[in-house]
Amino acid sequence: MVEELLDDKKFIVVPKRLADRVKLVSGRLGGSVTDYAIEVFTQALRVDEMGSNLKEAVDVYHLVTVQQGAGKINVTKANMGEILSKLSSDKEGVLSQIWYESGKWYGAYLSVKLKDEDILGFLETDLLLTWNLDEVEIRKQDLMVTIRCTSFTMSMELTDLLVNYLVGLMEELGFIENERDVLRGLVTLKFLGQLK
């Protein structure tokens, strides 16, 4: 009987530091190390079944909590397109300024919220999900940052708002726009950082 019970369990070797941290967290949560480990493995397998991995799931959770703290809401492209189509042409400048200021505010928020984290790496995922883009690439080389965004369904009006948002955001992060290439749904912006 005892041998059968032992055969049903497996030992996993982990570094002592990790084991100590697991023990502290499980104690803080009021459970046993075994119960905590079972929950962790169960959730990791659940994420795998969704076609993702644990790192990606944690990164998206982090993104959502940052966005929630910033007060962001989701609006579908169709709804946004409808709103933009109802605006008169004299309101477009006002809306562009609002998006620029929104980008500046979010840049300031990210600077404080993420501090030592890779803000540009975070921003790449943020833009992809928040703006429902097909592709986003942010590359930094020396003082130059290049942002490329692609959306096959984005209107020109929404593309312009994205550009204004990005310019405001990057300016707040200490980068000045250097070059711009914009077509409907295709954006390439280059920014120069300032020497510190």
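For the structure, check the block above.
Residues numbered from 1 in each chain as written. Predicted model: local features only at pLDDT ≥ 70, side-chain atom pairs only at ≥ 80, totals over all residues. Heavy atoms only, no water.

Asks: I keep staring at the overall build of the protein chain and nothing clicks. Help me out?
Replies: When helices and strands are counted, the protein chain shows 8 helices and 4 strands. Shown N-terminal to C-terminal, the secondary structure of the protein chain runs as helices and strands in the order α-α-α-α-α-α-α-β-β-α-β-β. What you see for the protein chain is a C-alpha radius of gyration of 23 Å, clearly larger than the 16 Å of a compact globule of 196 residues, by over 25%. Considered along the principal axes of its C-alpha atoms, the protein chain spans approximately 80 × 45 × 25 Å. The buried share among the 196 residues of the protein chain stands at 28%. (Helix = DSSP H or I, 4+ residues; strand = E, 2+ residues; numbered from the N terminus. Rg over C-alpha atoms; globule rule 2.2 N^0.38 Å. Buried < 20%, exposed > 50% of the residue type's maximum accessible area, 1.4 Å probe, protein only.)

Asks: Looking at this structure, I do not really get the packing of aromatic side chains. What am I missing?
Replies: Aromatic ring pairs: the centre-centre distance and the angle between the two ring planes describe each pair. Summed over the entire model, instances satisfying the criterion amount to 4 aromatic pairs. On the numbers, 5.3 Å between centres and 10° between planes, the contact of W105 with Y109 is stacked. On the criterion of helical spacing, the pair formed by W105 and Y109 is a turn pair, its members being 4 residues apart in helix α6 (residues 92-114). Judged by relative accessible area, W105 falls into the partly exposed class, the value being 47%. Members of the aromatic cluster, each reached through a chain of ring pairs, are W105, Y106, Y109, W131 and Y165. (Phe/Tyr/Trp six-rings, centres within 6.5 Å; stacked < 30°, edge-to-face > 60°.)

Asks: Any chance you could explain unusual backbone geometry here in plain terms?
Replies: Residues other than glycine predominantly adopt negative phi, and peptide bonds predominantly adopt the trans conformation. In the Ramachandran plot, N132 falls in the positive-phi region, its phi being about 55° despite a non-glycine side chain. Structurally, N132 is set in the loop between α7 (119-130) and β1 (135-141). Overall, N132 belongs to the partly exposed group, its relative accessible area being 46%. The phi dihedral of D142 falls on the positive side, at around 55°, and the residue is not glycine. The residue D142 is located in the loop between β1 and β2 (144-150) in this model.

Asks: How do you make sense of helix α3 (residues 33-49) when you look at a structure like this?
Replies: Every α-helical turn comprises 3.6 residues, leaving residues that sit three or four positions apart pointing alike. In this model, α3 (17 residues) spans 24 Å end to end at C-alpha, consistent with the 24 Å of a helix rising 1.5 Å per residue. Where α3 terminates, the next one or two residues include G51, which has phi positive at roughly 85°. (Expected span 1.5 Å × (residues − 1).)

Asks: What should I look at first to understand the sheet that holds β2 in this one?
Replies: In any sheet, the strands associate via hydrogen bonds between backbone groups, in a parallel or an antiparallel arrangement. Spatially, the 4 strands line up as an open sheet ordered β1-β2-β4-β3, and their pairing is antiparallel. The open sheet has two edge strands with one neighbour each: β1 and β3 (175-183). Sheet twist, expressed as the average angle between the axes of neighbouring strands with direction ignored, equals 10°. As paired elements, β1 and β2 share 7 bridges and run antiparallel to each other. Looking at the pairing, V136 lines up with C149 of β2. (Pairing = 2+ DSSP bridges. Axes fitted to C-alpha atoms, helices over the stretch in contact; angles between N-to-C directions.)

Asks: Quick question: what am I supposed to make of the layout of surface pockets here?
Replies: If a probe the size of a water molecule is rolled over the atoms, the empty space left behind becomes visible. In this model, the largest pocket occupies a volume close to 690 Å³. Going through the elements one at a time, α2 (16-29) and α3 are the ones with two or more residues in the lining of the largest pocket. Looking at the lining of the largest pocket element by element, the count peaks at 7 residues for α3. Of the residues that constitute the lining of the largest pocket, the class distribution is 13 nonpolar, 1 polar and 4 charged. (1 Å grid on protein atoms, 1.4 Å probe; cavity = no way out; pocket = protein on both sides within 12 Å on 5 of 7 lines; lining within 4 Å. Points joined across faces, edges and corners; volume = space filled by probe spheres on them. Nonpolar A, V, L, I, M, F, W, Y, C, P; charged D, E, K, R; others polar.)

Asks: Explain the side chain of T150 here, please?
Replies: Relative to the helices and strands, T150 is located in strand β2. Residue classification places T150 among the buried positions, given a relative accessible area of 13%. T150 has contacts with L133, D134, E135, G185 and L186, leaving out every residue within four places of it along the chain. (Contact = heavy atoms within 4.5 Å.)

Asks: How do you make sense of the environment of L173 when you look at a structure like this?
Replies: With respect to the helices and strands, the residue L173 is situated in the loop between α8 (156-172) and β3. Spatially, the C-alpha atom of L173 lies 7.1 Å from that of A108, the residues being 65 residues apart in sequence. Not counting residues within four places of it along the chain, the set of residues in contact with L173 comprises G107, S111 and I119.

Asks: What exactly am I supposed to notice about the nonpolar core here?
Replies: Across soluble globular proteins, nonpolar side chains show a tendency to be buried alongside one another. In this structure, Y106, L110, L127, W131, L162 and M170 are the most contacted members of the largest nonpolar core, which totals 38 residues. Broken down by secondary-structure element, the contributors of at least two residues to this core are α4 (54-70), α5 (77-86), α6, α7, β1, β2, α8 and β4 (186-193). It is α8 that contributes the most residues to this core, 9 residues altogether. (Core = buried A, V, L, I, M, F, W, Y, C linked by side-chain atoms within 4.5 Å.)

By themselves, these are just geometric observations and shouldn't be taken as functional.
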